[in-house]
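Structural characterization, general
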Amino acid sequence: MRPNLLILGGTTEATALAQAVAAQGIDATLSFAGRVERPRPQPVPVRIGGFGGADGLASFLTSQRITHVVDATHPFAAQMSRNAVTACAARGVPLVALTRPPWTPQPGDRWRHVPDIAGAVAALAGPPRRVMLAVGRMHLDAFVAQPQHFYLLRLVDPPASPPPLPHHHVIVSRGPFTEADDCALMQQHRIEIVVSKNAGGTGARAKIAAARGLGLPVLMIDRPALPARHEVSTPAEVLDWLAHSGADLGV
Ligand code: 3Y8
Ligand code: NAP
């Protein structure tokens, strides 16, 4: 059958997949949550906003006659991934996740693994330090529990209201980032420790390499557990999966 793809997006990999399916002339829609003001333009039609839970997504699959779903969301977008597994099972729609391996420590890395945002907050107990907090906007409130630190905050959009941290400086930038720029940023702000999600991939890796080069410790937030699903790591593997799941790619 002629495929009609839903790509759950918001990552570098999702953008690369959208380019690959557009090049093949495959019908696809890329979906954003609507977290940022100006998501990156895409070469396929885009929809923005939640579906209304797993039930809403299941209804969307039926009403839009989606034949395949690719979950190319960020490894920390756990709720979206759980909903995709539930909705695709409910409607019998094939699902594959396009994901990226977690980063692993290299020689010179000074990582301390913490299980989640709360673990990172707890690990910051102690005397004031200069912290680079590059975990985005959605979790800033949690760090109010450690107000003694100076926080360098990197956000995609200018904050609608001042972040609730008494000592902070905001950098508005969406990435992808470079090691040289992140190194200069950390030196400019005399950063002593970096807090990061284990996003994997290339778009957020610069700060990890910069911390290694500067000999700075990193609080590395491990990924949330996700339900079992078929996973691949490149757009080519997604196209191969499509071809082997009965999709007529017309090639
Ligand atoms: C809205 C859609 C592309 C995709 C680019 C990747 C790389 C740059 C690195 C730092 C870390 C962080 C954050 C980050 C990165 C890529 C990728 C990635 C981290 C966009 C995008 C959307 C979002 C949402 C946003 C979150 C935030 C997280 C900033 C587009 C740019 C910190 C995650 O203001 C907010 O509400 C932002 C929310 C979820 C995490 C958070 O908790 O705040 N991403 N990021 C998606 C949607 O609406 O559905 O504009 O392209 C996508 C990208 N962000 O094609 O170029 O692939 O990972 N995004 C983290 O990894 O720690 C920045 O600063 O070092
Ligand atoms: P989340 O916590 O897993 O999802 C919360 C709710 O947001 C979902 O239940 C869904 O709402 C909606 N949603 C999430 N992703 C969506 C998408 N691609 N399309 C439509 N609705 C979506 O997700 P999140 O961590 O807030 O991430 C939101 C978006 O930012 C995702 O696209 C993700 O890929 C991107 N992103 C996240 C991070 C991160 O650190 N979390 C990093 C980079 C990019 P309903 O229940 O109403 O359907």
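The structure contained in this document is the topic of the report that follows. (Residues numbered from 1 in each chain as written. Chains lettered and ligands numbered in written order. Predicted model: local features only at pLDDT ≥ 70, side-chain atom pairs only at ≥ 80, totals over all residues. Heavy atoms only, no water.)

1. Details of helix 6 (residues 206-214)
Within helix 6, the full set of buried residues consists of Ala 206, Lys 207, Ile 208, Ala 209, Ala 210 and Ala 211. In this fold, the buried residues of helix 6 make contact with strand 6 (110-114), strand 8 (150-155), helix 5 (179-188), strand 10 (193-197) and strand 11 (217-221). Just downstream of helix 6, Gly 215 is the residue with a positive phi angle, here 70 degrees. (Buried < 20%, exposed > 50% of the residue type's maximum accessible area, 1.4 Å probe, protein only. Helix = DSSP H or I, 4+ residues; strand = E, 2+ residues; numbered from the N terminus. Contact = heavy atoms within 4.5 Å.)

2. Some thoughts on the sheet that holds strand 10
Paired through backbone hydrogen bonds, the strands of a sheet run either parallel or antiparallel to each other. Overall, parallel pairing links the six strands, which are arranged 6-11-10-7-8-9 in an open sheet. Lying at the two open borders of the sheet, with one neighbouring strand each, are strand 6 and strand 9 (168-172). Within the sheet, the average angular offset between the axes of one strand and its neighbour, ignoring direction, is 20 degrees. In this sheet, strand 9 lies alongside strand 8 in parallel orientation, the contact comprising five bridges. In the strand pairing of strand 9, Tyr 151 is matched with His 168. Sheet strands touched by helix 5: strand 7 (130-133), strand 8, strand 9 and strand 10. Its angle to strand 8, the strand with the most contacts, is close to 150 degrees. (Pairing = 2+ DSSP bridges. Axes fitted to C-alpha atoms, helices over the stretch in contact; angles between N-to-C directions.)

3. Details of the nonpolar core
Grouped together as the largest cluster of nonpolar side chains are 23 residues, with contacts concentrated most on Ile 7, Val 21, Val 70 and Leu 242. Those elements that provide at least two residues to this core are strand 1 (4-8), helix 1 (12-23), strand 2 (27-32), strand 5 (95-98) and helix 7 (235-243). Take this core: its biggest share by element is five residues, from helix 1. Once you skip the residues sitting within four places of it in the chain, Ile 7 turns out to touch Ala 14, Leu 17, Ala 18, Val 21, Ala 28, Thr 29, Leu 30, Ser 31, Val 70 and Ala 72. (Core = buried A, V, L, I, M, F, W, Y, C linked by side-chain atoms within 4.5 Å.)

4. Observations concerning the site of ligand 2
Neighbouring ligand 2 are 22 residues; Gly 9, Ser 31, Arg 35, Phe 51 and Lys 197 lie closest to it. A distance of 2.7 Å separates a nitrogen atom of ligand 2 from a polar atom in the side chain of Ser 31. In this structure, an oxygen atom belonging to ligand 2 sits 2.7 Å away from a main-chain N or O atom of Phe 51. Considered on its own, ligand 2 offers 800 Å² of accessible surface; in the complex 79% of this is hidden by protein. Put simply, the parts of the chain that give the shell around ligand 2 at least two residues each are strand 2 and helix 3 (78-91). The biggest single contributor to the shell around ligand 2 is helix 3, with four residues. Grouping the amino acids of the shell around ligand 2 by side-chain chemistry returns eight nonpolar, eleven polar and three charged. (Near = heavy atom within 4 Å. Polar contact = N/O pair within 3.5 Å; in protein donor to acceptor, adjacent residues only side chain to side chain. Areas by Shrake-Rupley, 256 points an atom, 1.4 Å probe, with all protein chains shown as cover. Nonpolar A, V, L, I, M, F, W, Y, C, P; charged D, E, K, R; others polar.)

5. Observations regarding the packing of helix 1 against helix 7
It is the contact of helix 1 with helix 7, at a shortest axis distance of 9 Å, that shows an interaxial angle of 50 degrees. Relative to helix 7, the element helix 1 lies oblique. Handedness of the helix 1/helix 7 crossing: right-handed. Listed contacts from helix 7 to Ala 16, Leu 17, Ala 20 and Val 21 of helix 1 are Pro 235, Val 238 and Leu 239. (Parallel < 35°, antiparallel > 145°, perpendicular 65-115°, else oblique. Left-handed = near helix turned anticlockwise from the far one by under 90°.)

6. Comments concerning the packing of helix 2 (residues 53-63) against helix 3
Interhelical geometry of helix 2 versus helix 3 gives an angle of 50 degrees and a closest axis separation of 8 Å. By the criterion of interaxial angle, the relationship of helix 2 to helix 3 is oblique. The handedness of the crossing between helix 2 and helix 3 is right-handed. Residues Gly 53, Ala 54, Leu 57, Ala 58, Ser 59, Leu 61 and Thr 62 of helix 2 lie in contact with helix 3, whose contacting residues are Met 80, Asn 83, Ala 84, Thr 86, Ala 87, Cys 88 and Arg 91. The residue inventory of the contact of helix 2 with helix 3, partitioned by class, reads eight nonpolar, five polar and one charged.

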